Amino acid sequence: MIMTTTRNYLFRTIVTVPENQRALVLQNGKFKDILRPGRHVLTSFRSRIDVEVHDINQAEFRSTYETALFTGSRVLADAHFTEVRTSDNQVAIVTRDGRLHTVVRPDAREVYWTDAGPWSVEHVDVSGSLAIDQKLAKRLAGHKPVDAVKRFNVEEGQAGLLYVDNAFEQTLKPGAYAFWNIGRPVNVKVVDVREHAIEVTGQEILTRDRVSVRVNITAAYRVADPVKAASKVKDFNEALYRALQHGFRQSFGTKTLDQILADKVSVDSEAARTVREQMAAVGIKVGDIAVKDVILPGEVREILNQVVAAEKEAEANVIRRREETNATRSLLNTAKVMAENPVMLRLKELEALEKVAGKVQYLAVHNGTQGLLDDLVNLRGDDTGKAPKTARKRA
């Protein structure tokens, strides 16, 4: 709030200026003085006195009389104001009482009340690089002149491409960067250089034997040259997708369905080499390429299932016949051994007797055990439930 008081008396004008104000005095339209705090008596005999009051808490000097003051009353202006000028290749960093106040852009001029300071001015040449030193960038962070600075962050696993006036300047490593935003456009394009995977899904392909299949392909890649990847093609991901799509469509079109199904994981080496060469030209390194899925039409899948089932059934029959042959050969060998060795035959008879005895209550053996397999073996007693009167042996 303006608190300066002006009182007019006969032939004099009294002006009282508070501590936070200054008063420009014009006598008959010309600058007479700039009044500091206090009570001032001005002679106004046969003259007109005009007083313009300014609050120096608003450090910048703004007045319609500014040009006239610095042109016609330079000594008075230098006594009360701090003038900051910049050329077309400079910026000025203005500090007020040790704290950053503002940044004056190139080819500009600012005027400050000296009593609002103390002021210090640092000029920075921007005719070459627009990069701001990290120490200065930290000072500028969060202050009023934030519009004079553009900031960019490049994360780990990324590369930053710096463009000034829409022309490539350099590649930036991971870190924080600040540049002067003073009319020359500055931009940083961030490119991810980590390894990625891309999938080409649902590609309808007609095989050489005229069977329509859908193929899914996956490939690993990374950006080896960020500058080429950003400048040679508009979108390197789309370029890689098209290269995989076209290359392997031609490759699968020269194969039959049986050839594709015989090796449906690996890909054609010639097609893979072509894709890698095409993408290397735009700064992309392509790694492993693999067929993820081969999807058949429903009717073809059903026919193949029947073929597989028939093949497996035939294999099972072969195995069954082979096992039966082996079993028959084993029985024949056993019979030959028993025919040539009576003791072995007796052991077999006793084994048979042991198995039978384990399943009945009484076992009657006639004529002893001699010729057991040739004689009658009574497995039950007579109708009275009693064992025969012949020799009995409890099982």
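Because the structure is predicted, anything quoted here is derived from the model rather than measured. (Residues numbered from 1 in each chain as written. Predicted model: local features only at pLDDT ≥ 70, side-chain atom pairs only at ≥ 80, totals over all residues. Heavy atoms only, no water.)

(A) Broad picture of the overall build of the protein chain. Looking only at helices and strands, the protein chain features 9 helices and 22 strands. Split into buried and exposed, the 395 residues of the protein chain put 33% on the buried side. Looking at the protein chain alone, contacts between residues at least 24 apart form 61% of all its contacts between residues at least 6 apart. For the protein chain, the computed accessible surface area is about 25,000 Å², with 50% contributed by carbon and sulfur atoms. (Helix = DSSP H or I, 4+ residues; strand = E, 2+ residues; numbered from the N terminus. Buried < 20%, exposed > 50% of the residue type's maximum accessible area, 1.4 Å probe, protein only. Contact = heavy atoms within 4.5 Å. Areas by Shrake-Rupley, 256 points an atom, 1.4 Å probe, with all protein chains shown as cover.)

(B) Inspection of the sheet that holds strand E9 (residues 99-104) at higher detail. Within the open sheet, the 3 strands sit side by side as E9-E8-E11. Their pairing is antiparallel. The strands lining the two open edges of the sheet, one partner per strand, are E9 and strand E11 (119-125). This sheet shows a mean twist of 25° between the axes of neighbouring strands, independent of strand direction. Sheet topology places strand E8 (residues 90-96) next to E9; 5 bridges connect them, and they run antiparallel. The residue of E9 that forms the bridge with Thr 95 is Leu 100. (Pairing = 2+ DSSP bridges. Axes fitted to C-alpha atoms, helices over the stretch in contact; angles between N-to-C directions.)

(C) Representation of the environment of Leu 136. Position of Leu 136 relative to the elements: it lies in helix H3 (residues 134-140). Along the sequence, Leu 136 and Ile 93 sit 43 residues apart, while their C-alpha atoms lie 9.8 Å from each other.

(D) Fine view of the packing of aromatic side chains. In the structure shown here, the tally under the stated rule is 8 aromatic pairs. Judged by centre distance (5.8 Å) and plane angle (70°), the ring pair of Tyr 163 and Phe 168 falls under edge-to-face. Classification of Phe 168 as partly exposed rests on a relative accessible area of 34%. Taken together, the aromatic side chains of Phe 61, Phe 70, Phe 81 and Trp 113 make up a single cluster linked through ring pairs. For the cation-ring pair, Arg 109 lies above Phe 70, with the distance from its terminal atom to the ring centre recorded as 4.8 Å. (Phe/Tyr/Trp six-rings, centres within 6.5 Å; stacked < 30°, edge-to-face > 60°. Lys NZ or Arg CZ within 6 Å of the ring centre and 35° of its normal.)

(E) Seen up close, the nonpolar core. Of all hydrophobic cores here, the largest spans 35 residues; its most connected members are Leu 244, Phe 248, Met 279, Ile 284 and Ile 289. Among the elements of the structure, strand E13 (158-164), strand E17 (196-206), strand E18 (212-223), helix H4 (226-231), helix H5 (236-253), helix H7 (269-280) and strand E19 (284-295) are those that each provide at least two residues to this core. Considering every element that reaches this core, the biggest residue donor is H5, with 7 residues. Counting residues in each nonpolar core, the second largest holds 24 residues, with Val 103, Ala 137, Ile 182 and Val 188 among its members. (Core = buried A, V, L, I, M, F, W, Y, C linked by side-chain atoms within 4.5 Å.)

(F) Quick look at the pairing of E18. Here E17 runs beside E18; their pairing, made up of 9 bridges, is antiparallel. Its bridge partner lying in E18, His 196 is registered against Tyr 221. Between the antiparallel neighbours E17 and E18 lie 5 residues, among them Arg 210 with a positive phi of about 65°.

(G) Representation of the pattern of salt bridges. The final tally for this structure, using the stated rule, is 14 salt bridges. Across the pair Arg 194 and Asp 192 runs a salt bridge whose closest N-O atoms are separated by 2.6 Å. Given the relative accessible area of 22%, Asp 192 is considered partly exposed. Here Glu 277 ties to Arg 273 by a salt bridge, and the two come within 2.8 Å at their closest N and O atoms. Separated by 4 residues within a single helix, Glu 277 and Arg 273 lie in helix H7, roughly one turn from each other. For Glu 277, a relative accessible area of 48% translates into the label partly exposed. (Salt bridge = Lys/Arg side-chain N within 4 Å of Asp/Glu carboxyl O.)

(H) Summary view of the side chain of Glu 66. Structurally, Glu 66 is set in helix H1 (residues 66-72). When its relative accessible area of 16% is taken as the criterion, Glu 66 is described as buried. Other than its neighbours up to four places away in sequence, Glu 66 contacts Phe 61, Arg 109 and Val 111.

(I) The sheet that holds strand E3 (residues 21-27), seen in detail. Strand order in this open sheet of 3 strands is E4-E3-E6, and the pairing throughout is antiparallel. Of all the strands in the sheet, just strand E4 (30-35) and strand E6 (49-55) have a single pairing partner and so form its edges. Shown here is a sheet whose adjacent strand axes are inclined to one another by a mean of 20°, direction ignored. Direction of pairing for E3 relative to E4: antiparallel, over a ladder of 5 bridges. Bridging from a neighbouring strand, Ala 23 pairs with Leu 35 of E4.

(J) Geometry of unusual backbone geometry. That bond from Gly 117 to Pro 118 is cis: its omega, 15°, falls within 30 degrees of zero. By secondary structure assignment, the location of Pro 118 is in the loop between strand E10 (109-113) and E11. Located in the positive-phi region is Asp 97, a residue other than glycine, with phi close to 55°. Tracing the chain through its elements places Asp 97 in the loop between E8 and E9.

(K) View of the confidence of the model for the protein chain. Summary statistics for the protein chain give a mean pLDDT of 80 and a share of 83% for residues scoring 70 or more. Taken together, the stretch residues 371-395 has pLDDT below 50 and engages in 32 contacts with residues farther than four places along the chain or on a different chain. (pLDDT = per-residue confidence, 0-100.)

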